[in-house]
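# Breakdown of the fold
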Amino acid sequence: MNRNLVLGAGLTAIFLLAALLSFAWVPQDVTQMDIANKIKPPSAAHPLGTDHFGRDILSMIMVGARTSIAVALVAVGIGMGLGVPLGLAAAARRGGWLDEVIMRANDLVFAFPSLLIAIMITAVFGASALNAIIAIGIFNIPVFARLTRSGALSLWTRDFVLAARVAGKGAARISFEHILPNVTNLLIVQGTIQFSLGILAEAGLSYVGLGAQPPTPSWGRMLADSQTMVSFAPHMALFPGLAILLTVLGLNLMGDGLRDVLDPRLRRDRQ
Amino acid sequence: MYFRKLGAAATLAALLAGAAYAKTDIVVGMQLEPPHLDPTSAAAGAIDSVLYSNVFEGLTRFMSDGSVVPGLAESWEISEDGTVYTFKLREGVTFHDGTTMDAEDVKFSLDRARAEDSQNAQKALFADIDTVEAVDPATVRVTLKQPNGSFLFNMAWGDAVIVAPESIDGIKQQPIGTGAFKFSNWVQGDRIEIVKNPDYWGEPAKLDKATFKFISDPTAAFAAVMAEDVHAFAGFPAPENLPQFEADPRFQVLVGSTEGETILSTNNKMPPFDNVKVREALAHAIDRQAIIDGAMFGYGTPIGTHFAPHNPDYVDLTGLSAYDPDLSKKLLAEAGFPDGFTTTLKLPPPSYARRGGEIIAAQLRAVGIQTEITNLEWPQWLEEVFRGKDYGLTIVSHTEPADINIYARPDYYFQYDNPAFQQLMVDLNNTTDPAGRSAILKQAQEMIARDYVNGYLFQLAALSVANAKIKGLWANAPTQATDLTGVYWED
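Residues numbered from 1 in each chain as written. Chains lettered and ligands numbered in written order. Predicted model: local features only at pLDDT ≥ 70, side-chain atom pairs only at ≥ 80, totals over all residues. Heavy atoms only, no water.

We now examine the overall build of chain A. Within chain A one finds 11 helices and zero strands. Taking the principal axes of its C-alpha atoms as reference, chain A extends roughly 75 × 45 × 30 Å. Expressed as a percentage of its 271 residues, the buried residues of chain A come to 48%. Within chain A, contacts between residues at least 6 apart in sequence are counted, and of these 70% link residues at least 24 apart. Element-wise, carbon and sulfur atoms account for 68% of the exposed surface of chain A, whose accessible area totals about 12,700 Å². In chain A, 20 positive and 15 negative side-chain charges are present, and the distance between their average locations comes to 7 Å. (Helix = DSSP H or I, 4+ residues; strand = E, 2+ residues; numbered from the N terminus. Buried < 20%, exposed > 50% of the residue type's maximum accessible area, 1.4 Å probe, protein only. Contact = heavy atoms within 4.5 Å. Areas by Shrake-Rupley, 256 points an atom, 1.4 Å probe, with all protein chains shown as cover. Lys, Arg positive; Asp, Glu negative; His and termini not counted. Charge placed at Lys NZ, Arg CZ, Asp CG, Glu CD.)

Tallying secondary structure elements over chain B gives 13 helices and 19 strands in all. Taking all 491 residues of chain B together, 53% fall into the buried category. Considering only contacts in chain B between residues 6 or more positions apart, those separated by 24 or more positions represent 68%. Carbon together with sulfur atoms contributes 52% to the accessible area of chain B, which is approximately 20,100 Å² in total. Each charge sign in chain B was given a centre, from 38 positive and 65 negative side chains, and these centres are 4 Å apart.

The next point concerns the UniProt feature "domain: Solute-binding protein family" (unreviewed entry) in chain B. In this structure's numbering, the residues bearing the UniProt feature "domain: Solute-binding protein family" (unreviewed entry) are residues 68-396 of chain B. Here residues 68-396 of chain B runs as 26% helix and 26% strand, with 26 Å between its end C-alpha atoms. (UniProt positions renumbered as here; feature names shortened; annotations may be inferred.)

Residue-level contacts link 17 residues of chain A with 19 residues of chain B. For the chain A and chain B pair, buried surface summed over both sides reaches about 1,600 Å², with 59% attributable to carbon and sulfur atoms. Of the charged contacts, one joins Arg55(A) and Glu358(B) as a salt bridge, the two residues approaching to 3.8 Å between their closest N and O atoms. In this assembly, chain A and chain B are joined by five residue pairs in polar contact (both at pLDDT 80 or more). For the side of chain A that touches chain B, the class distribution of residues is eight nonpolar, six polar and three charged. (Buried area = accessible area lost by both parts, 1.4 Å probe. Salt bridge = Lys/Arg side-chain N within 4 Å of Asp/Glu carboxyl O. Polar contact = N/O pair within 3.5 Å; in protein donor to acceptor, adjacent residues only side chain to side chain. Nonpolar A, V, L, I, M, F, W, Y, C, P; charged D, E, K, R; others polar.)

Enumeration according to the criterion identifies 27 aromatic pairs over all chains in this entry. Between Tyr85(B) and Phe87(B), the ring centres sit 6.2 Å apart and the planes meet at 20°, which makes this aromatic pair stacked. Its relative accessible area of 0% is what places Phe87(B) among the buried residues. Feature note: the residues Trp378(B), Trp381(B), Phe386(B), Tyr391(B), Tyr407(B), Tyr412(B), Tyr413(B), Phe414(B), Tyr416(B) and Phe421(B) constitute an aromatic cluster, connected by ring pairs. Seen from the ring of Phe23(A), Arg66(A) lies directly overhead, with NZ or CZ sitting 4.3 Å from the centre. (Phe/Tyr/Trp six-rings, centres within 6.5 Å; stacked < 30°, edge-to-face > 60°. Lys NZ or Arg CZ within 6 Å of the ring centre and 35° of its normal.)

Our focus in this paragraph is the domain arrangement of chain B. All names here are of chain B. By the assigned domains, chain B splits into domain 1 (25-35 + 177-256 + 462-489), domain 2 (45-170) and domain 3 (259-460). Between the C-alpha centres of domain 2 and domain 3 there is a distance of 33 Å. Taken together, the 10 residues of domain 2 in the interface contact eight residues of domain 3. Where domain 2 abuts domain 3, roughly 660 Å² becomes buried across the two surfaces, and 57% of that area is made up of carbon and sulfur atoms. (Domains from an automatic or database assignment.)

A separate point is the nonpolar core. Leu264(B), Ile395(B), Ile404(B), Tyr407(B), Tyr413(B), Phe414(B) and Phe421(B) are the most contacted members of the largest nonpolar core, which totals 63 residues. Take this core: its biggest share by element is seven residues, from helix H10 (residues 351-366) of chain B. Discounting residues that sit within four places of it in the chain, Tyr413(B) has contacts with Ile263(B), Ser265(B), Trp381(B), Val385(B), Phe386(B), Lys389(B), Tyr391(B), Thr394(B), Val396(B) and His398(B). Membership of the second largest hydrophobic core comes to 46 residues, among which are Val30(A), Val183(A), Met222(A) and Leu251(A). (Core = buried A, V, L, I, M, F, W, Y, C linked by side-chain atoms within 4.5 Å.)

Sequence positions flagged by UniProt for "transmembrane region" (unreviewed entry) are, in local numbering, residues 69-88, 108-141 and 237-258 of chain A. Structurally, residues 69-88 of chain A comprises 100% helix and 0% strand, and the distance from its first C-alpha atom to its last is 27 Å.

The next thing to look at is unusual backbone geometry. A negative phi angle is the norm for most residues apart from glycine, just as the trans form is the norm for most peptide bonds. Put simply, Pro214(A) and Pro215(A) share a cis peptide bond, and its omega is 5°. With respect to the helices and strands, Pro215(A) occurs in the loop between helix H8 (171-207) and helix H9 (219-226). In this model, Pro271(B) is joined to Pro272(B) through a cis peptide bond whose omega is 0°. Structurally, Pro272(B) can be placed in the loop between strand E12 (251-266) and helix H7 (276-285). In the Ramachandran plot, Tyr452(B) falls in the positive-phi region, its phi being about 50° despite a non-glycine side chain. Structurally, Tyr452(B) can be placed in the loop between helix H13 (434-450) and strand E17 (455-467).

This part is about helix H3 (residues 103-114) of chain B. An α-helix turns once per 3.6 residues; consequently, residues spaced three or four apart project the same way. All names here are of chain B. Its 12 residues place the ends of H3 17 Å apart at the C-alpha level, agreeing with the 16 Å of an ideal helix rising 1.5 Å per residue. Three or more residues of H3 are buried, namely Ala103, Asp105, Val106, Ser109, Leu110 and Ala113. Seen end-on, H3 carries its buried residues on one side only, within an arc spanning 165°. Summarising the contacts, the buried residues of H3 are in contact with strand E5 (84-89), strand E6 (129-136) and strand E7 (139-144). The N-capping residue of H3, defined by a side-chain oxygen 3.0 Å from the backbone nitrogen of Glu104, is Asp102. (Expected span 1.5 Å × (residues − 1). Arc of directions from axis to C-beta.)

Before going further, it helps to spend a moment on the sheet that holds E6(B). Residue and element names in this part refer to chain B. Pairing is antiparallel in the open sheet, where four strands are placed in the order E4-E5-E7-E6. Across the chains shown, the open sheet's two edge strands, defined by having one partner strand only, are strand E4 (73-78) and E6. Within the sheet, the average angular offset between the axes of one strand and its neighbour, ignoring direction, is 20°. Where E6 lies against E7, six bridges are found, and the strand directions are antiparallel. (Pairing = 2+ DSSP bridges. Axes fitted to C-alpha atoms, helices over the stretch in contact; angles between N-to-C directions.)

Residues and elements named next belong to chain B. In this fold, Thr485 is placed in the loop between strand E18 (470-471) and strand E19 (488-489). Among the polar contacts made by the side chain of Thr485, one reaches the side chain of Asp483 at a distance of 2.5 Å. In this view, Thr485 contacts Ser53, Asn54, Ala180, Phe181, Ala205 and Lys206; residues no more than four positions away in its chain are not counted.

Another aspect to go through is a nonpolar patch on the surface. On the surface, Leu17(A), Leu20(A) and Phe23(A) cluster together into a nonpolar patch covering about 370 Å² of accessible area. Position of Phe23(A) relative to the elements: it lies in helix H1 (residues 3-24). (Patch = residues over 30% accessible without salt bridge, like charges linked within 9 Å, V, L, I, M, F, W, Y side chains within 5 Å.)

Put into structure tokens, the structure is as follows:
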């Protein structure tokens, strides 16, 4: 059993479960403020303490996980949903004008730092969780398009594809029936990495006020809110910071582990 | 060798002696940078924060307790009917470029401010002026169209300072005034420097040089004060950090009053807020103390109307809008909104608005009113809310002194249109005797409180942090100003 995979999946599972659990139960309602109990250090009643409005930080992190995971998940979905067909199409028409158009458009998106694009989009269309999803989703597209194309290019020269062509299958059918199943491993590994980047991007956007808007809890905004209070209430920054760190670490470990397990070349090397 | 040692010792002694002398320069931190340096042609308070009293002076001026005292006018006489003010100017006053300040400059300044095409942000201050005459170089006669009990008060504003025709063209970059400090240098995005004016007509400044450093980020402001990179911070943006400064013997924390009525501004023309029952429900849904404690960490005084509590004419009307969520729900039901409604809450950057907004949203949610929060930067806020009137609710602090008359302007952004109130303000202007004015002001406060025009939250506290050795800083903020003319370092 792969150690990275277990550790990574375990960490990820904790936050996934916390997010799921928050739909059914949280220690304290996060829309409920209790100003009299603000900025309390961790205690039995509040295991992770309370924030500047007297809200329970554990509950905030649980509900915040929902925001982070939802944003990152949908953003990766957008990236895959659009990027993979584009990559397959480019590979099917390799060397043709469609390939050129798709890949140069990808280069164009790649040319901008991803977070800069996200800030631009949310600044123009207004700050909200939805716009953050779109922004993060857009810079996921070229990642998946490129990966799919490079994986598909080598497959197009293989005998089983040749056989399919001889059997009279069109490019689109070959792409979906023969190429796509063979790049799935790559996509899963990359998807995990992009998912962690998405969580980081969402936290970054919320931190500068361009992500989910209050009262929706979000890890990035929890960090931003705690900024002036770090010197006397470090728990307010520590716990959301740890949540971001551990989730991203977990997903990255899981991605590495999945690569080790799924990539046939690496598997052969080990044997 | 021996002599060299002696020399070194002498140098050391000289250095030690030098260190014992009090400092004569100061670095003052400030959150907002002025867009330009002409206080007579912009609403931006940051301009006055740097220049009022330091570089520019008016006929009268504010003291730190809010009182109005003679400025460039040494004395004045008011005619029996209250319409003719004859100002006697101080003699020997010169502008920083060496030109003399005389009656012609006063006439120029007042005429420029009240002109048809004037860019002055407070033209209402000059609206009652009929004519301005320079009788002789040291005498100015101002004739009003009608008596105006607050004319001397109006002349103390930063928007009414005296400028010179010789230097007016460059005023936005190179302000030339009559104050105890001269403008020296502006590094845009970083700092403004002013230096002592050796030819000042009055008591000279005790400091040789002052630097205003602009630090907008609260965390950076905290770090700058802690590291003693800035010696004082006027209007410290993070009240949560003040207990740390108070506990540190290196610093003093000044808590004073401001003219800033912090209100939940309500768009009175936008349904459902055009219904007074809804506005009353809004008022009873708000727990002021929770907002003061949660957003301002306890700094602030609850208010029940648009008037400063330290003003002698203030009436405590907080009881009219006491926190009572059950009453609020009942009123909403009577107004036809048993299940509440949804509205927008647009918030400018200061923490009283951003944090206060989150708390108010939670309080309104408890009575069934849902709010969509949008955080705006100042330019967007001015565009969308203040000029565009495209909002349901917003939170802002009205820092102008004695500004209850904004309720007489139906086109003002909260769009309160009440002829009775407008008449009251006309009566106020026509009344010069203090008892009569006081009665009208009290009546006006009660009228807007009973109409629940806006949600009245709290009076903003003036929060400043300074090195413990600095004396003479204003604790209060009766107007936008950082008056350094009396500031010095204690030995």
